[in-house]
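Each chain, written out:
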Number of protein chains: 2
Amino acid sequence: MQKAAVIMAGGGGTRFWPVSRMASPKQLTKLTGDDVMINETIKHYDGVIPRENTFIVTNEKQAILTDKVIFDEVDRSHILVEPVQRNTAPCIIYAAMTLKKMYGDALMAVLPADHHIGNIKEYERILNLALDTAEKTDRIVTIGIKPTFPSTGYGYIKVSDGLSDEVKALDRFVEKPAYEIAKTYVEEGCYLWNSGMFIWKVSVILEYFKKLLPDMYAQMEAIFDDLRTDKEADAIARVYPVLEKISVDYGIMEKAEGVYCIPADFGWNDVGSWDALENVFPKDEGNNVTVGKAELLDCTNSVFFDSCGDKLITAIGADNIVVVETKDAILVCDKSRVQDVKKMVDHLKEVGREDLL
Amino acid sequence: MQKAAVIMAGGGGTRFWPVSRMASPKQLTKLTGDDVMINETIKHYDGVIPRENTFIVTNEKQAILTDKVIFDEVDRSHILVEPVQRNTAPCIIYAAMTLKKMYGDALMAVLPADHHIGNIKEYERILNLALDTAEKTDRIVTIGIKPTFPSTGYGYIKVSDGLSDEVKALDRFVEKPAYEIAKTYVEEGCYLWNSGMFIWKVSVILEYFKKLLPDMYAQMEAIFDDLRTDKEADAIARVYPVLEKISVDYGIMEKAEGVYCIPADFGWNDVGSWDALENVFPKDEGNNVTVGKAELLDCTNSVFFDSCGDKLITAIGADNIVVVETKDAILVCDKSRVQDVKKMVDHLKEVGREDLL
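The rules we used
- Residues numbered from 1 in each chain as written.
- Chains lettered and ligands numbered in written order.
- Predicted model: local features only at pLDDT ≥ 70, side-chain atom pairs only at ≥ 80, totals over all residues.
- Heavy atoms only, no water.
- Axes fitted to C-alpha atoms, helices over the stretch in contact; angles between N-to-C directions.
- Helix = DSSP H or I, 4+ residues; strand = E, 2+ residues; numbered from the N terminus.
- Parallel < 35°, antiparallel > 145°, perpendicular 65-115°, else oblique.
- Left-handed = near helix turned anticlockwise from the far one by under 90°.
- Contact = heavy atoms within 4.5 Å.
- Nonpolar A, V, L, I, M, F, W, Y, C, P; charged D, E, K, R; others polar.
- Least-squares fit on C-alpha atoms with pLDDT ≥ 70 in both.
- Salt bridge = Lys/Arg side-chain N within 4 Å of Asp/Glu carboxyl O.
- Pairing = 2+ DSSP bridges.
- Buried area = accessible area lost by both parts, 1.4 Å probe.
- Phe/Tyr/Trp six-rings, centres within 6.5 Å; stacked < 30°, edge-to-face > 60°.
- Buried < 20%, exposed > 50% of the residue type's maximum accessible area, 1.4 Å probe, protein only.
- Lys NZ or Arg CZ within 6 Å of the ring centre and 35° of its normal.

Caption draft 1: Examining the packing of helix α3 (residues 88–103) of chain A against helix α6 (residues 202–212) of chain A more closely. All names here are of chain A. Put simply, α3 and α6 touch, their axes get as near as 10 Å, and they point 135° apart. Judged on the interaxial angle alone, α6 and α3 are oblique. Our pair here, α3 against α6, has a crossing hand that is left-handed. Contacts between α3 and α6 involve A89, I92, I93, A96, M97, L99 and K100 on the former and, on the latter, V202, I205, L206 and F209. Here the residues of the contact of α3 with α6 sort into ten nonpolar, no polar and one charged.

This is the structure in structure tokens:
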């Protein structure tokens, strides 16, 4: 059965300003690897899914940028353009129907565009296991990350005994917990971080849509004949604005039965804010991470990110500081305040510096 | 009697890196005013000494740079070039002999090239008083700054009753004190900061040289006829390397008798390191100083200095941080570490980044 990767890449993302911009959001910027994050995502599954079978769901503006940077092997007709954003369920059914039209049925791996994977070999092994399980069992398969600390920033998945030692049964999804609760999650061992990676057969997920989101299914089925034809854009433009705005998590995953979850440990990081670079890059003796070039004296626990190279970053005695340089902006941020980078973006909007956004 | 300002401007200065450079030291950079510091120094005495009567003693390399930036009114033949650095006494006698050659006698104010004056009106008043006192009494006159805090970074002058309420007798020079001693100095009221500003008649200071540094006086007197002729450069090149390396403070001031000192309070700051900008520029509600442009969120007690303008400095939650941007470098420095900027300069030398020095 054909294997396809569907990358959801419509997000805006201001948390990595000044590197990420409205015009070039996180997945289209180079943050943790040698290439832009979406290409790193494709590289991750090179050993499992052919690059040619990559599908990307994105918006009109980003489709143009994606076209410019993405690997040549990715067929440009696989860039599915959403005319308006309707959350993730429409995005998934659009991709699933496209795969049905092209392949009849297929194994479909839904993957976030902008996560970091440290251990590619293990990731390949887990992804193969997930695809294999989805193919053999006709179940929805998710990948859960074994938590390494009591994160209050991630959603959790509770699992229990399932198909095998490695393939657990998904009991329920759990919202981002308070710190004390997160601590018990880590201790109990049956809670995993929700990685946002879902693997299923196209035929299986479409059955779920038919059952759980019947209106959306009917609306999309009505234009099925137009997909992969020159009528597709018009049909999508017509139907998309009336699709229900609902996430696949809420609309399908939380209601689906018999979902499997594979606990995994492959150096996953969702790279959610500047401090995440600490967990992705090696640190120096002062516990600093430097990406690009910087000269440091007595600095500790800090992050230096130079995406530009025309001005040397130097620092003396900096502690818990994030310093970022791009071609037109410098950010100096206390590490405890990285979640507020978006506030700076808002502030720059207010003071009329849209040129920097 | 002619009044002349002699500006000693040979210093290197790495404390304001990356703004000050080997090629453009502090006095030739724009730090606290609208113009480079040496021109600000000239502007300070505009109401007292004509710009035309400005004399600058500097080295060969900086003479070229000074020529480029200094006010047009300053006669370029007034830039006295030292072929080698022999500390401040040779510098002073060279200027004094030059003035003797040109004017017979003159009132000479020796002024540092790179200090900030907040209250120009009061500075003019004090400078006039000093010149007047020097003219009428044939004494050496110094200006002492009323201390505003127990500085351990300045030398002090102890004064007692002298000519008048405003013109005190200089008892002795005091080395940089320990903090506890500095505190008593501030309380006692008879200790002043040594501003490095000296005012005297040319004839008076030359008498002191003749008496206290007789060799140096004889060596310079031997080439007196060559000064202000086309033989001057050769004569200076011959005699300068054999002049004693000694400061005017140690060689003359500490031994001179009957020196007057005028206590002053005109918003003086020697602008010794990046944190000094806090005492020169107005602060925002977060106690930050911004020179140039920066956008700040929740920053406190920090200094932002953009000498360049091509990249916007932004900061979130920065506390006690100095951020400096120039065309080729960015410095992020904990404010308690501004004295170590020269260590960064040394470090950059070590790692082969002389291009940034």
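Caption draft 2: Here's a closer look at the packing of α3(A) against helix α7 (residues 214–221) of chain A. Residue and element names in this part refer to chain A. It is the contact of α3 with α7, at a shortest axis distance of 11 Å, that shows an interaxial angle of 45°. With respect to α7, the element α3 is oriented oblique. Relative to α7, the crossing made by α3 is right-handed. In this structure, α3 uses A89, P90, I93, Y94, M97 and K100 to contact α7, whose residues at the interface are M216, Y217, M220 and E221. Residue composition of the contact of α3 with α7, by class: eight nonpolar, no polar and two charged.

Caption draft 3: Molecular detail of the relation of the copies chain A and chain B. The operation relating chain A to chain B is a screw motion whose rotation component is 180°, with 0.0 Å of axial translation and a residual RMSD of 0.1 Å. Such a turn and shift between the copies fits a two-fold axis. Identified as the residue of chain A closest to the rotation axis by C-alpha distance is A:V332, at 4.1 Å. Comparing interface residues between copies, 100% of those in chain A also lie at the interface in chain B; the contact surface is shared.

Caption draft 4: Region of the structure containing the pattern of salt bridges. Summed over the entire model, instances satisfying the criterion amount to 44 salt bridges over all chains. For A:K201, the salt bridge is made with A:D138, and the minimal N-O distance between the two is 2.4 Å. Taken as a pair, A:K201 in strand β9 (residues 191–201) and A:D138 in the loop between α4 (120–137) and β6 (141–145) lie far apart in primary sequence, 63 residues in all. The shortest N-O distance in the salt bridge between B:R125 and B:E122 comes to 3.1 Å. Residue B:R125 and its partner B:E122 are located together in helix α4 (residues 120–137), separated by three residues, close to a single helical turn. Several salt bridges converge on common partners, so that one network encompasses A:D298, B:R337, B:D340 and B:K343.

Caption draft 5: Layout of the sheet that holds strand β16 (residues 321–325) of chain B. Reading across the sheet, the six strands line up as β13(A)-β15(A)-β17(B)-β16(B)-β14(B)-β12(B) and stay open at both edges, with mixed pairing between neighbours. The open sheet has two free edges, formed respectively by β13 (294–297) of chain A together with β12 (289–291) of chain B, since each of these has just one partner strand. If you compare each strand with its neighbour and ignore which way they point, the axes differ by 5° on average. Relative to strand β17 (residues 329–334) of chain B, strand β15 (residues 312–316) of chain A runs parallel, the two sharing five bridges. Bridge assignment links A:T314 to a residue of β17(B), and that residue is B:L331. Each of β13 and β15 of chain A together with β17 of chain B touches helix α10 (residues 341–350) of chain B; the most contacted strand, β13(A), lies at about 130° to it.

Caption draft 6: How the structure looks around the interface of chain A and chain B. Chain A puts 36 residues into the contact, and the matching count from chain B is 36 residues. Counting each side, the surface lost to burial between chain A and chain B is near 3000 Å², with a carbon and sulfur contribution of 62%. Looking at the side of chain A facing chain B, the largest losses of area belong to A:K311, A:I316 and A:I330, adding up to 26% of the total buried there. One can count six salt bridges joining chain A with chain B. Here A:K311 makes a salt bridge to B:D310, at a shortest N to O gap of 2.6 Å.

Caption draft 7: Local environment of the packing of aromatic side chains. Residue and element names in this part refer to chain A. In the structure shown here, the tally under the stated rule is 23 aromatic pairs over all chains. Pairing W193 with W268 gives two aromatic rings, centres 6.1 Å apart and planes at 50°, and the pair type is tilted. In this pair, W193 is assigned in strand β9 and W268 in strand β11 (residues 268–269), connecting sequence segments 75 residues apart. You can call W193 buried: its relative accessible area is 3%. Measuring from centroid to centroid gives 5.8 Å for F198 and W200, while their planes differ by 10°, and the two rings are stacked. Put simply, the rings of F149, Y154, W193 and W268 pair up and form one aromatic cluster. Of note, K101 hangs over the ring of F224, and the distance from its end group to the ring centre comes to 5.5 Å.

Caption draft 8: Structural view of unusual backbone geometry. Cis geometry marks the peptide bond from A:W17 to A:P18, where omega comes out at 5°. In this fold, A:P18 is placed in the loop between β1 (3–8) and α1 (37–44). For A:D298, which is not glycine, the phi dihedral falls at a positive 55°. Among the residues examined, A:D298 registers a relative accessible area of 52% and is labelled exposed. For B:R228, which is not glycine, the phi dihedral falls at a positive 60°.

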